[in-house]
Structures are given as C-alpha cells and as structure tokens.
Amino acid sequence: MTVQNAKKRVFVAGHRGMVGSAICRELAKRSDIELVLRSRTELDLTSQQAVADFFAIESIDQVYLAAAKVGGIHANNTYPADFIYENLMMQCNIINGAHLGGVQQLLFLGSSCIYPKLADQPMTEAALLTGTLEATNEPYAIAKIAGIKLCESYNRQFGRDYRSVMPTNLYGENDNFHPENSHVIPALMRRFHEAKLRGDSEVVVWGSGTPMREFLHVDDMAAASIHVMELADGVYQANTEPMLSHINVGTGLDCTIRELAETMAKVVGFAGEVVFDATKPDGTPRKLMDVSRLANLGWHYTHSLTAGLTLTYQWFLEHQDDFRK
C-alpha cells in the first residue's frame, strides 16, 4: 500500500458511549478511515503511562475525545471527587499523549454545563467564564472547561489543531435508560413505555412542565463532530478565537417539558393522561444554545424531535431486555 492510499487512523476515545458509538457508526461508513478502538480493560485512560504508550505505538492521525464519566444530578452530588478527578485525568492524558505522539488533529467533546447558571439565553460561546456555575455539576463542568483550555493551550504553544465542541442535551441509541440515573428523555421514555404495558391511566411528570429544554439526536451530534473536525484550518480559525475556540452544537430550538412529555406519549403510544406534579422542582427555567457559530460553518441538524424520539424508541424496543434488572 502506498502512502497516498493509506487509511487515516482515527482513535475514538469512549467508543462504547452514546456519542462515541455514534461517531464510530458514521466513520465506519468511510473507506478512508481505519478506526482504532480500545475498551476500558484494554486501555485505562486515567493512566498517564498507558495512554502515552498507546500513542507512541499506534501512529494515530486523529483523535475524537468522547470519553467521560457522566451522570445525573444525584451521581454528581454523591461523587463530585470522582467526576472532577477522572474527567481531568482522561483529558490530560489523551490531549498530552496525542501531542507527544505527534497527533495534529483532535476534537474534544464537552457539555453545555460549562456555561454559568444564569447565562443569558440563548447561551453564546462568549458566556464561558462569565459567571457562577450550577452547583450540582460544578466539578464536572470545571473538568470540561479545563479540556477546552488544554486544547487551546496546546494550539497556542505547539501549533496543534485541537478543537472543541459543546453539545446541548443529547439522546438516542445507546443512551442510559436506568430508572433512577438517566436523563429526562430516556427516563420519560421508559416510564411511558412501562405505563403503557401496565395499562396505567396516567403518568406523573415532575415539575410544572413549563421549563424549556433543547434536545439533539446523537446521530446529529456525531455528524456535527465530524464536520467540525474536517473543517479547513483557515475556515475554523476565521470563525473562532484562539482563547474562545469552542463551538456550540444544538438545534437552536427548544420546547417545554410539557411538550416533550406529550410528544413522548404519542411516540410510545401511551393513551392515558399526562399529569404534572408542580410540587416537585423545575430546575433552570431555560437552557438553550446559540448555534449561530456552527451555522456559519455550514452545519444544521437533520432530526426533528419527533423523528429522533421515534428512532430512539425503536432502538429501545429492540434492546429493552438489556435494561431489565
């Protein structure tokens, strides 16, 4: 095989997670890509030596850093040290290891929780570091902010091309459908599904139903990640700043939790009543991403909420035995 025909060796860290697996599915369609994947037992991303050895041996061309320790409010409140330590270690090891291994291109995947609790809506990239974070997930958010700044620092000092994308609330294939530790879409999907099977007359949803949230199907997130990774360097730099280089990824549209629950009921086929318990907390009134920077770079989402939920429910039905305890 000549050098001209060699495939690009791409390491997807966190390939078994929801986002990492979606990126792998998309890249697997490409004839010019050779995926390099390692399970947690094969490569401990929190081990600096193991990660350094991996990059020294594998001749990686690109890295998608989708590996992260994630969880809901309960997990973040219970294990704050685990969340900040493990995420910082993985990020530091992979970004520095990639640099030492001569990897020029890397994409770091963060989270919308990097923005201040009271950030203006919709949240622009410029809102970063302008206010106090949400207390319940501050350790996780701090780690993600550090990841952005690691990328920017290696770019500035070493001329690397390490980029960052910050997704809104994601859902889809390989989501976490645990009855206690899942996020709102998988939690509601499982609740409505089980209520339908039992023949329940109603499903109770926490809160007033008035808070507004933005949701993006994970396949769109994968497509956006690859789009940003493959932007020409001049185009990327013209639309970002050296110390404000991250890019929001979302739909730029939101809906109320009531609208989400009613849409979920239709998708699942639950014929009962949807009831809201206003005595339970609502959380932040609104969380919406400003995605104009990404739109200017030529990317837009393709899955509507109804279409995305329908795809996700089909996948859930095919895998529901895996979720039963």
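Up top is the structure.
Quick summary incoming for the structure in this document. (Residues numbered from 1 in each chain as written. Predicted model: local features only at pLDDT ≥ 70, side-chain atom pairs only at ≥ 80, totals over all residues. Heavy atoms only, no water.)

## Considering the pattern of salt bridges
- Using the criterion set out here, one finds 15 salt bridges in the structure.
- For the salt bridge of aspartate 277 with lysine 280, the shortest nitrogen-to-oxygen distance reads 3.1 Å.
- Look at lysine 280 and you get partly exposed, because its relative accessible area is 28%.
- Salt bridges linked by common partners bring Arg9, Glu34, Arg38 and Glu58 together as one network. (Salt bridge = Lys/Arg side-chain N within 4 Å of Asp/Glu carboxyl O. Buried < 20%, exposed > 50% of the residue type's maximum accessible area, 1.4 Å probe, protein only.)

## Description of the sheet that holds strand β13 (residues 286-287)
- Pairing is mixed across the open sheet formed by three strands, whose spatial order is β11-β8-β13. Either end of the sheet is taken by a strand with one partner, and the two such strands are β11 (255-256) and β13.
- Pairing geometry for strand β8 (residues 212-213) and β13, over two bridges, is parallel. Counterpart to methionine 212 in the pairing with β13 is arginine 286. (Pairing = 2+ DSSP bridges. Helix = DSSP H or I, 4+ residues; strand = E, 2+ residues; numbered from the N terminus.)

## Digging into the packing of helix α1 (residues 18-27) against helix α7 (residues 218-229)
- Running from amino to carboxyl end, α1 crosses α7 at an angle of 65°, the nearest separation of the two axes being 8 Å. Seen from above, α1 lies across α7 with right-handed handedness. Between α1, through Met18, Val19, Ala22, Ile23, Arg25, Glu26 and Leu27, and α7, the contact on the second element is made entirely by Val218, Asp219, Met221, Ala222, Ser225 and Ile226. (Axes fitted to C-alpha atoms, helices over the stretch in contact; angles between N-to-C directions. Left-handed = near helix turned anticlockwise from the far one by under 90°. Contact = heavy atoms within 4.5 Å.)

## Details of the pairing of strand β5 (residues 161-167)
- When you tally the buried positions in β5, you get seven out of seven residues, the bulk of the element.
- Residues Asp161, Arg163, Val165 and Pro167 point to one face of β5 and Tyr162, Ser164 and Met166 to the other, with burial holding for every one of them.
- Sheet topology note: the strand β4 (residues 105-109)/β5 ladder contains five bridges and is parallel. Opposite phenylalanine 108, over in β5, you have serine 164 as the bridge partner.
- Bridge count between β5 and strand β10 (residues 247-249): three bridges; the pairing is parallel. In the sheet register, valine 165 faces β10, and the bridge partner there is isoleucine 247.

## Here we look at the pairing of strand β3 (residues 62-65)
- Of the two faces of β3, the one holding Gln62 and Tyr64 and the one holding Val63 and Leu65 are both buried throughout.
- Note that strand β1 (residues 8-13) and β3 share four bridges and pair parallel. The residue bridging valine 12 from the neighbouring strand is tyrosine 64, located in β3.
- With four bridges joining them, β3 and β4 adopt parallel strand pairing. From the neighbouring strand, glutamine 62 faces β4, where its bridge partner is glutamine 105.

## Here's the deal with the nonpolar core
- Ranked by size, the top nonpolar core spans 40 residues in total, and within it Phe11, Leu45, Phe55, Val63, Ile94 and Leu106 carry the most contacts.
- Within the residue set of this core, elements represented by two or more residues are β1, α2 (48-58), β3, α4 (80-100), β4, α5 (138-158) and β5.
- Per-element tally for this core: the top contributor is α5, with seven residues.
- In terms of nonpolar packing, the next biggest core, distinct from the first, is built from 30 residues, Val10, Met18, Ile33 and Val218 among them. (Core = buried A, V, L, I, M, F, W, Y, C linked by side-chain atoms within 4.5 Å.)

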